[in-house]
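Tertiary structure, described
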Amino acid sequence: DRNDARSVRFLDTNAGRPVGEDVTHNLDVVHVALSQTGAPPDRRCAFVDANRDVFVVPVLRRGSDENHALGGRLGPGNNAGNARANASIVKLATMVDDVRWSDTTDMLAAMCDGSLHAWYYPDSF
């Protein structure tokens, strides 16, 4: 969202409607990458924040109360509803220069502190 650099919104380009819930992060989001394979409900979004950490979140989240990387500790001023909505956000790596999804398979690659890291099955998070 250009008005709020801490938010990521998902839109259905065919219908022009929002899809799923917005992701609100505690730092500015500087890079966003959307997985290119699979049905739209199974897609994932990877984003890099201002600290150069990479996170992955499903576009359509299933009301999980699990406490993953950011669940419950999103920073001051965030209520429990936001913590629950962001519970499915998973931090994968730090010191990330760039992140890309494969256009033929559901694999994620990132340059982390000068070395290449690949996640072959990001749905396991």
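Residues numbered from 1 in each chain as written. Predicted model: local features only at pLDDT ≥ 70, side-chain atom pairs only at ≥ 80, totals over all residues. Heavy atoms only, no water.

Considerations on the overall build of the protein chain
Per the secondary structure count, the protein chain includes one helix and eleven strands. Going through the 125 residues of the protein chain one by one, you find that 36% of them count as buried. Pairs at least 24 residues apart make up 38% of the contacts formed inside the protein chain by residues separated by at least 6 positions. Summed over all atoms, the accessible surface of the protein chain reaches about 7400 Å², with 48% contributed by carbon and sulfur. (Helix = DSSP H or I, 4+ residues; strand = E, 2+ residues; numbered from the N terminus. Buried < 20%, exposed > 50% of the residue type's maximum accessible area, 1.4 Å probe, protein only. Contact = heavy atoms within 4.5 Å. Areas by Shrake-Rupley, 256 points an atom, 1.4 Å probe, with all protein chains shown as cover.)

Describing the pattern of salt bridges
Per the counting criterion, the structure on display carries five salt bridges. For Asp22, the salt bridge identified is with Arg9, shortest N-O distance 3.6 Å. Here the residue Asp22 occupies a position in the loop between β3 (17-18) and β4 (23-24), and Arg9 occupies one in the loop between β1 (7-8) and β2 (11-12), the gap between them amounting to 13 residues. Arg52 is the salt-bridge partner of Asp97, the closest N and O atoms lying 2.7 Å from each other. (Salt bridge = Lys/Arg side-chain N within 4 Å of Asp/Glu carboxyl O.)

A closer look at the sheet that holds strand β7 (residues 54-58)
Read across the open sheet, the four strands follow the order β5-β6-β7-β8; overall the sheet is antiparallel. Both outer strands of the open sheet, β5 (29-34) and β8 (90-93), are each paired with one neighbouring strand and no more. Mean inter-strand twist for the sheet, computed between neighbouring axes without regard to direction, equals 30 degrees. Summarising the sheet, strand β6 (residues 44-49) and β7 pair through five bridges and their orientation is antiparallel. Each bridged residue has a counterpart across the sheet, and for Cys45 the counterpart in β7 is Val57. (Pairing = 2+ DSSP bridges. Axes fitted to C-alpha atoms, helices over the stretch in contact; angles between N-to-C directions.)

Honestly, it's all geometry; don't read function into it.
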